[in-house]
Amino acid sequence: MTFNSIPFVLFVLLFFLVWARIKQNNTHKWLWIVLMSSVFYAWWDWRFLIILFATGAIDYYTGNKIIKNPQYKKVWLWVSLGSNILSLVAFKYSAWLAGLFDQMFHTQVAQALPEFTLVVPVGISFYTFNSMSYTIDLYRGKAKTADSLLHFFAFISFFPHLVAGPIIRAKDILGQLSRNATVNYLQILNGVKIIIWGFFQKMVLADNLAVFVNEKFQDVNATSDSLTWWLCMLGFTFQIYFDFNGYSTIARGLAKCCGIHFKLNFNQPYLALSFRSFWQKWHISLSSFFKEYVYKSLGGNKGNRWQTEINKWITMLVSGIWHGANLTFLFWGAIHAFFLTIESLLKAKLRIKIPSFFSAFVVMLGVVLAWVFFRANTLGDAIYVLEKMLIFNSNIEVKTVLLSNVFIWLVVSLVVVYGPRKVNVFGLQKQVVVQSLFWGLLLLSCIYLHGPEQQFIYFQF
Amino acid sequence: MNSAQFKIKQAFKTIFGIVVVFVLGMLLLVWGGPHQASNKMMSEAFWANKLVNAPVYDIVVVGDSRVYRGINPQIIEQQFKSKVRCFNFGFSSAGLDTILLNEACKKLKSSGMKTLLIGVSVNSFYPHALKNQHFKEWQHKPKKELWIKRHLYPHLSQLSSYALSDLYHLGTNNQYYEFFKPQSGFVYSCKLPIDTNSAIQPYRQYFERTQCSDIAVNLFMNKLAQMKLQGYHIVLLRVPASYTMWNMEDEFSGDVINVLEIKTSQLGINWIQTTPSKHTYDGSHLIDKSTNQFSQYVAKELICNLSK
């Protein structure tokens, strides 16, 4: 069940209708969350629930063992990590790895794989990371165990963040859920505004941009014009931002209506002045996960410069492959690692101050070019598109570009991303009429101006 | 009233205000909003219905967009004196392969006329069409999604979103009109202003890049022979496009339709004779009004064929 679907609207209405009555009851509210989140997830395929709750139960059990048997805590941590990584490998990477193996050694391992390995459970990368963070935090003494299995299941399955994040740590959510938070109209209004803003980003901006981008990537060889590819990649740059930020924003809004605060997952990443800053602003929950649990575990920046750079590369490559079982994602991670390395080397050597608009431009250019690998279906497609973009050759009339749908949506996107910061949609004048008009019309635009229904891009991860 | 209470009260009023603006806006758009040239929700309901409707038909028409935009099953039904049910199982850029033909056969009643009317286009034997992407995209949609689109979307069609072209062509006739008929699988369509050459160039570019598949043509003929043995009544026709389009198609494909006609006639399969048409809106698809005339002609020829 995706957020931008009719069943979800009915689902949410039912959820909050009952939630309003039971949120003060300490047993019922946990049960309701687990029950409804299970319905939400089972809407795709009920069998996915088995994986979700099986890996969750292992993590809950090993988490308790880590606290109760501190002398064996490392063993229990590895049991937890092993089960999560195993489920990720089995469901997400086995088919790809077997394919690579077959290519290299001319075997037929892929054909021998069981059928279940061919279907990736929706959001598996997100909930395994949520679950893993729990045992790692317990191991490091940074969190307390969940009060019961029911509470733990409520944490991992809580539907707003279940399938596409943000990745949330147990300590951040269990405490909030345990409190009997009262939600007043002001919080509901804020939640509703955040939800509408998320839907606007996803349904109006991302889905309309997707039409052009999907068409071009369906058969890359059919388009050789450089300007078209630049338009397409700019379109994708904004599409993926609005798609994923839209989802995270809706998730934050839904949680807010339950009285739960999710941290910001995107903080204007396309205004970043460096690649390092970009990664501090883009998919913050995942970036901090990798920083905390991969980069720092490898030693972070405590070694010499080269060790630091190697740690950076490993982290970015893991981040790339986390996004999908395809070499294109690995290359995407590698390109960003390359940018980060160049940036830190230049920073050490150059002492001149670079104008911020120039830094922002260079970062944006790098990000756009790197997205080619993220979006392309194969490495060959990515190289073809990059070649067309970089060896400029275009015959398209400017008038045709200016009148195209994608250009119009790009202009709207640019206004939303780079428009004057002082016009903050959440802080518009407080008058009831102005706010009602603004948010009511924005909601109307989600119904009447949305693009063709598209699944959220990050669901595949 | 303290400041916090005041803010909460204002928030309540704002939530109420958002709902009012939203509902009023919807009502305004439903009753007086800009005309939608093509209703997206009806389009989704239309395709969902094609996939899941029951096998209750006597005649099923199959082929590509020229077929589902050109042959109106309702008109065919009207021409028959006895009660006959006809359905259009056409898909965009459909390739005439075994999978599509098998699916079309599944829409036919097990007893009755069991007639398959196949609209043949040259494009149907080209690699891109043979992927049958549009058909497969719908075939692989989850049953829940198809159910919702089939049963709920027709009732929610007033909430269908606008295309940008609806808005920037406001007050002009520059639009691509589509009226979906989910019950028959047919679409009335017309693109204004009419330009009988607009589809020629994209087709030419495509034909230049690729080749008509002889293997697909042979497989198609084998399948026809097999279906004939299974008791299906098969009638073929070439759906009209412009003269220029037909000439170009014949030139690039090595006259594949004529070859096909000769070989299938040897198998005892009948063809309805058609000619190119002046009445297309893009060189490839018939104008909405001329589809009525063409469907009547097809029905009459079909009746003759079936009575032989």
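Since the structure is predicted, the reported quantities are computational estimates derived from the model, not experimental observations.

**A word on the overall build of chain A**
Summing up its helical and strand segments, chain A has 20 helices and 0 strands in all. For chain A, whose C-alpha radius of gyration is 23 Å, the value lies close to the compact-globule estimate of 23 Å for 461 residues. Taking the principal axes of its C-alpha atoms as reference, chain A extends roughly 65 × 65 × 50 Å. Evaluated residue by residue, chain A yields a buried proportion of 54% over its 461 residues. As displayed, chain A has an accessible area near 21,100 Å², and 66% of this comes from carbon and sulfur atoms. Across chain A, 38 positive and 19 negative side-chain charges occur, with their mean positions spaced 16 Å apart.

**Brief notes about the layout of surface pockets**
Residues and elements named next belong to chain A. What the second largest pocket holds in volume is close to 1,400 Å³. In this structure, the second largest pocket is lined by 43 residues; those nearest its centre are Phe275, Arg276, Ser277, Leu340 and Glu343. Elements with a contribution of two residues or more to the lining of the second largest pocket: α12 (275-281), α13 (284-295), α14 (305-323), α15 (327-349) and α16 (356-375). When residues in the lining of the second largest pocket are grouped by element, the largest group, 8 residues, is from α15. Grouping the amino acids of the lining of the second largest pocket by side-chain chemistry returns 19 nonpolar, 15 polar and 9 charged.

**Side note on the interface of chain A and chain B**
The partner chain B presents 33 residues to the 32 residues of chain A that form the contact. Roughly 2,800 Å² of surface becomes buried between chain A and chain B when both sides are summed, with 74% attributable to carbon and sulfur atoms. By the criterion of area lost to chain B, the three top residues of chain A are Ile6, Tyr185 and Tyr448 of chain A, representing 25% of everything that side buries. The interface formed by chain A and chain B holds 1 salt bridge in total. Taking the shortest distance from any N to any O, the salt bridge between Asp219 of chain A and Arg209 of chain B comes out at 3.9 Å. Among the secondary structure elements, those contributing two or more residues to the side of chain A that touches chain B are α1 (6-22), α10 (185-218), α19 (405-418) and α20 (432-448) of chain A.

**A few points about the sheet that holds strand β3 (residues 115-120) of chain B**
Residues and elements named next belong to chain B. Judged by pairing direction, the sheet is parallel, and its 5 strands sit side by side in the order β2-β1-β3-β6-β7 without closing on themselves. Both outer strands of the open sheet, β2 (86-90) and β7 (270-272), are each paired with one neighbouring strand and no more. The average undirected angle you get between the axes of adjacent strands in this sheet is 25°. Note: strand β1 (residues 59-63) against β2, 5 bridges, orientation parallel. Bridge pairing links Val62 to Phe89 in β2.

**So, the pairing of β1 of chain B**
All names here are of chain B. Among the 5 residues of β1, 5 are classified as buried, and the element is accordingly described as predominantly covered. The two faces of β1 match: Ile59, Val61 and Gly63 on one face and Val60 and Val62 on the other face are all buried. Summarising the sheet, β1 and β3 pair through 4 bridges and their orientation is parallel. Among the inter-strand pairings, Val60 is bridged to a residue of β3, identified as Leu116.

**A short note on the domain arrangement of chain A**
Residues and elements named next belong to chain A. Split into domains, chain A comes out as domain 1 (6-180) and domain 2 (186-460). Taking only C-alpha atoms, the centre of domain 1 and the centre of domain 2 are 26 Å apart. Contact with domain 1, which involves 35 residues of that partner, is made by 33 residues of domain 2. When domain 1 packs against domain 2, the two sides together hide about 2,900 Å² of surface, and 68% of this comes from carbon and sulfur. The largest contributions to the domain 1 side of the interface with domain 2 come from Trp96, Phe129 and Pro166, which together make up 19% of the buried area.

**Here's the deal with the environment of Val412 of chain A**
In this fold, Val412 of chain A is placed in helix α19. In this structure, the C-alpha to C-alpha distance between Val412 of chain A and Ser356 of chain A, residues 56 residues apart in sequence, is 23 Å.

**Considerations on the pattern of salt bridges**
Per the stated rule, a full pass over the model turns up 19 salt bridges over all chains. A salt bridge links Lys296 of chain A to Glu292 of chain A, with the nearest nitrogen and oxygen atoms 3.7 Å apart. The exposure class assigned to Lys296 of chain A is partly exposed, which follows from its relative accessible area of 46%. Residue classification places Glu292 of chain A among the buried positions, given a relative accessible area of 14%. The partner of Lys149 of chain B in a salt bridge is Glu44 of chain B, and the shortest N-O contact between them spans 2.7 Å. One end of the pair, Lys149 of chain B, is in helix α8 (residues 143-151); the other, Glu44 of chain B, is in helix α2 (residues 40-52), and 105 residues separate them in sequence. Judged by its relative accessible area of 4%, Lys149 of chain B is buried. In the salt-bridge network here, residues are joined through shared partners; they are Arg140, Lys142, Glu292 and Lys296 of chain A.

**Brief notes about the side chain of Thr280 of chain B**
Residues and elements named next belong to chain B. Structurally, Thr280 is set in the loop between β7 and α14 (288-307). By relative accessible area, Thr280 is classed as buried at 0%. Side-chain polar atoms of Thr280 contact the backbone nitrogen of Gly283, separated by 3.0 Å. Excluding anything up to four places from it in sequence, Thr280 contacts Ile194, Thr196, Ala241, Ser242, His285, Leu286 and Ile287.

**A closer look at the packing of helix α3 (residues 48-68) of chain A against helix α4 (residues 73-105) of chain A**
Residues and elements named next belong to chain A. Running from N to C, α3 and α4 point in directions that differ by 170°, and their axes come no closer than 8 Å. One way to sum up the angle between α3 and α4 is to call them roughly antiparallel. Here α3 runs over α4; the crossing is left-handed. Where α3 approaches α4, its residues Ile51, Thr55, Ile58, Asp59, Tyr61, Thr62, Lys65 and Ile66 are matched on the opposing element by Lys73, Trp76, Leu77, Val79, Ser80, Ser83, Asn84, Ser87 and Phe91. Classifying every residue of the contact of α3 with α4 by side-chain character gives 8 nonpolar, 6 polar and 3 charged.

**Some thoughts on the domain arrangement of chain B**
Residues and elements named next belong to chain B. As far as domains go, chain B holds domain 1 (1-33) and domain 2 (35-307). Each partner contributes residues to the interface: domain 1 has 4 residues there, and domain 2 has 4 residues. Taking both sides of the interface into account, the surface hidden between domain 1 and domain 2 amounts to around 310 Å²; carbon and sulfur atoms contribute 65%. Summed over the shared surface of domain 1 and domain 2, the result is 0 residue pairs in polar contact (both at pLDDT 80 or more). Broken down by class, the residue content of the side of domain 1 that touches domain 2 amounts to 3 nonpolar, 1 polar and no charged.

Reading the values: the criteria
- Residues numbered from 1 in each chain as written.
- Chains lettered and ligands numbered in written order.
- Predicted model: local features only at pLDDT ≥ 70, side-chain atom pairs only at ≥ 80, totals over all residues.
- Heavy atoms only, no water.
- Helix = DSSP H or I, 4+ residues; strand = E, 2+ residues; numbered from the N terminus.
- Rg over C-alpha atoms; globule rule 2.2 N^0.38 Å.
- Buried < 20%, exposed > 50% of the residue type's maximum accessible area, 1.4 Å probe, protein only.
- Areas by Shrake-Rupley, 256 points an atom, 1.4 Å probe, with all protein chains shown as cover.
- Lys, Arg positive; Asp, Glu negative; His and termini not counted.
- Charge placed at Lys NZ, Arg CZ, Asp CG, Glu CD.
- 1 Å grid on protein atoms, 1.4 Å probe; cavity = no way out; pocket = protein on both sides within 12 Å on 5 of 7 lines; lining within 4 Å.
- Points joined across faces, edges and corners; volume = space filled by probe spheres on them.
- Nonpolar A, V, L, I, M, F, W, Y, C, P; charged D, E, K, R; others polar.
- Contact = heavy atoms within 4.5 Å.
- Buried area = accessible area lost by both parts, 1.4 Å probe.
- Salt bridge = Lys/Arg side-chain N within 4 Å of Asp/Glu carboxyl O.
- Pairing = 2+ DSSP bridges.
- Axes fitted to C-alpha atoms, helices over the stretch in contact; angles between N-to-C directions.
- Domains from an automatic or database assignment.
- Polar contact = N/O pair within 3.5 Å; in protein donor to acceptor, adjacent residues only side chain to side chain.
- Parallel < 35°, antiparallel > 145°, perpendicular 65-115°, else oblique.
- Left-handed = near helix turned anticlockwise from the far one by under 90°.

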